[in-house]
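Okay, here's what each chain looks like letter by letter:
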Amino acid sequence: MLAAAPATKVDINEAPLTPVTDFSFIPVADPVLGSDEKEALCEVIDSGWITMGERVQRFEEDLAKIHAVDETIAVNSCTAGLHLILHALGIGPGDEVLVPSLTFVATINCVLYVGAKPVLVDIESLDNPLMSLEEAESKCTERTRAIILVHYAGYLADLPAWKEFADRRGLLLIEDAAHATGLKEVGTYSVAAALSFYGNKNMTTAEGGAIIASDPDLRDRMRKMRGHGLTSGTFQRHNGSGPGYDMIMLGFNFRMDELRAAIGIVQLKNLEAWNLKRRQLTNLYRALLEEYVPEVVVPFDENTTSSYHIMPVILPGDVDRSRVIKSLRDAGIQTTIHYPPAHLFSYYRERLPSVKLPKTEEYSERELTLPLFPRLNDAHVERVTQALAKSVHCE
Ligand SMILES: *Cc1c(COP(=O)(O)O)cnc(C)c1O
């Protein structure tokens, strides 16, 4: 047998797909997958029906219950969900959409997919790194059609305030709720919200997403557009709706499959407990950081409603972040950055030149994301915080 490589040499990109259990190397995120998920996958394979069937339907129903909504629409990613929402709402060339720059690129890309123009907005402050409503309002033009909110790190944006703004300006309010699965407020004020079940999110189907929308007509349109704009799917035809179908609108293939839905059904059972665990770990991080390294700031008021998706902290301005990242890596702790500002990526710089968002830029330069996932325990949080304190204090 080969000797185990020392913890400091482990590269998370080369780590085996089976989750690490001893956490000699602490990854930044880690999906919880076990025998229930394996069993659920085997059942799908044995059943012989592998896409868009009963399990997708059941997954949509279970997710609707958790979010306390009538219905949800499962899709194959959050990105597809956002694309579908914008397409179904008829947003397109000539339209402008307000989006934060402090987000994953998918939030912005979906605006480009439909031919509209993303207008990038700064954050409120280092302490409250969500899109600034005041800045958004100042960037409104007669072409502005919609706003895409991101509940960055899982912390809920002020939905009533955004809704008031959207109504006053006649704009469509959309949520990129990729970080906020499990929060009942999602979809209550917006026309539509998209969730993500990518591998590093609060629950996973490997790849996958879902849409919440209150208007039944919009939902019906999105259901059809999810499957090529056809009047019926294979499953409905198999179940007696007859062999014929019509294509009545331009759609996509954004369908979820039965294997993913089966994993999702299992994951949903644990979501609430996992989100609670994330909250406990976040509170512990706050307490220990305050004790060991008070110059490191944890953004957000701790009473903000959150699904605690990630654990962002802001380093003091005079600390070399790359040195901290390296020393944590040497201590067997993975960290990451959420996010490099989108407006500074080459692709966007070329298309949206001279965008300046000073608060987003400062936040992104100083932000560090610490490990946060349900299988982390108090001792791990202690270890991460100690290592961070040591590194910030240059010991
Ligand atoms: C992960 C993520 C997405 C994309 O989700 P996919 O399901 O991978 O398409 C979009 N927006 C944000 C903010 C995300 O974190």
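Residues numbered from 1 in each chain as written. Predicted model: local features only at pLDDT ≥ 70, side-chain atom pairs only at ≥ 80, totals over all residues. Heavy atoms only, no water.

This part covers the site of the ligand. Lining the immediate environment of the ligand, one finds 15 residues, of which Thr79, Asp176, His179, Ser196 and Lys201 sit closest. Between threonine 79 and the ligand, the recorded distance is 2.5 Å, taken from a side-chain N or O atom to an oxygen atom. Measuring from a nitrogen atom of the ligand, one finds a side-chain N or O atom of aspartate 176 at 2.7 Å. At the level of secondary structure, the elements contributing two or more residues to the shell around the ligand comprise α3 (78-88) and α4 (105-113). A breakdown of the residues in the shell around the ligand according to their chemical character gives six nonpolar, seven polar and two charged. (Near = heavy atom within 4 Å. Polar contact = N/O pair within 3.5 Å; in protein donor to acceptor, adjacent residues only side chain to side chain. Helix = DSSP H or I, 4+ residues; strand = E, 2+ residues; numbered from the N terminus. Nonpolar A, V, L, I, M, F, W, Y, C, P; charged D, E, K, R; others polar.)

The full count for this structure, using the stated rule, is 20 salt bridges. We note a salt bridge from lysine 163 to aspartate 167, for which the minimum N-O separation is 3.2 Å. On the criterion of helical spacing, the pair formed by lysine 163 and aspartate 167 is a turn pair, its members being four residues apart in helix α6 (residues 159-169). On the accessibility criterion, lysine 163 (29% relative accessible area) is partly exposed. Taken together, the salt bridges that share partners define one network made up of Glu60, Glu71, Arg219, Arg223 and Arg226. (Salt bridge = Lys/Arg side-chain N within 4 Å of Asp/Glu carboxyl O. Buried < 20%, exposed > 50% of the residue type's maximum accessible area, 1.4 Å probe, protein only.)

Our focus in this paragraph is the UniProt feature "active site" (unreviewed entry) in the chain. Under the UniProt annotation, the feature "active site" (unreviewed entry) is placed at Lys201. Note that lysine 201 resides in the loop between β6 (192-196) and β7 (209-213). Residue lysine 201 is classed as buried on the basis of its relative accessible area, which comes to 16%. (UniProt positions renumbered as here; feature names shortened; annotations may be inferred.)

Let us now look at the domain arrangement of the chain. We note that the domain assignment places domain 1 (12-23 + 272-335 + 371-393) and domain 2 (35-268) within the chain. Relative placement of domain 1 and domain 2: their C-alpha centres are 29 Å apart. Contacts between the two partners involve 17 residues from domain 1 and, on the opposite side, 21 residues from domain 2. When the two sides are added together, the surface that domain 1 and domain 2 hide from each other amounts to roughly 1600 Å², 58% of it contributed by carbon and sulfur. (Domains from an automatic or database assignment. Contact = heavy atoms within 4.5 Å. Buried area = accessible area lost by both parts, 1.4 Å probe.)

So, about the packing of aromatic side chains. Taken as a whole and assessed by the stated rule, the structure comprises nine aromatic pairs. Judged by centre distance (5.4 Å) and plane angle (80°), the ring pair of phenylalanine 59 and phenylalanine 197 falls under edge-to-face. Taken together, the residues span a long stretch of sequence, with phenylalanine 59 in helix α2 (residues 54-66) and phenylalanine 197 in the loop between β6 and β7 at a distance of 138 residues. Of the two residues, phenylalanine 59 and phenylalanine 197, both sit in the buried class. (Phe/Tyr/Trp six-rings, centres within 6.5 Å; stacked < 30°, edge-to-face > 60°.)

The next subject is the sheet that holds strand β2 (residues 96-100). In a beta sheet, neighbouring strands are held together by backbone hydrogen bonds and run either parallel or antiparallel to one another. Reading across from one edge, β1-β7-β6-β5-β4-β2-β3 is the order of the seven strands in this open sheet, with mixed pairing throughout. Lying at the two open borders of the sheet, with one neighbouring strand each, are β1 (73-75) and β3 (117-121). Each neighbouring strand pair of the sheet contributes to a mean axis angle of 25°, computed without reference to strand direction. Across three bridges, β2 lies against strand β4 (residues 144-150) in parallel orientation. Its bridge partner being in β4, valine 97 is matched across the sheet by alanine 146. In the packing of helix α7 (residues 216-226) onto the sheet, contacts are made with β1, β6 and β7, and the angle to β1 comes to roughly 30°. (Pairing = 2+ DSSP bridges. Axes fitted to C-alpha atoms, helices over the stretch in contact; angles between N-to-C directions.)

Moving on, we come to the UniProt feature "modified residue: N6-(pyridoxal phosphate)lysine" (unreviewed entry) in the chain. The UniProt entry lists Lys201 under the feature "modified residue: N6-(pyridoxal phosphate)lysine" (unreviewed entry), expressed in the numbering used here. Setting aside chain neighbours within four positions, we find lysine 201 in contact with Ala178, His179, Ser196, Arg278 and His309.

Let us look at the environment of arginine 329. Following the sequence through the fold, arginine 329 ends up in helix α10 (residues 321-330). Distance in space between the C-alpha atoms of arginine 329 and alanine 387 is 9.8 Å, their sequence separation being 58 residues.

Now for the nonpolar core. Counting 77 residues, the largest nonpolar core has Ile147, Trp162 and Leu388 as its most contacted members. Top contributing element to this core by residue count: helix α9 (residues 258-292), with nine residues. No fewer than three residues from each of domain 1 (12-23 + 272-335 + 371-393) and domain 2 (35-268) sit in this core. Core analysis: the next-biggest nonpolar cluster, separate from the first, contains 37 residues, Leu86, Val111, Ala342 and Leu352 among them. (Core = buried A, V, L, I, M, F, W, Y, C linked by side-chain atoms within 4.5 Å.)

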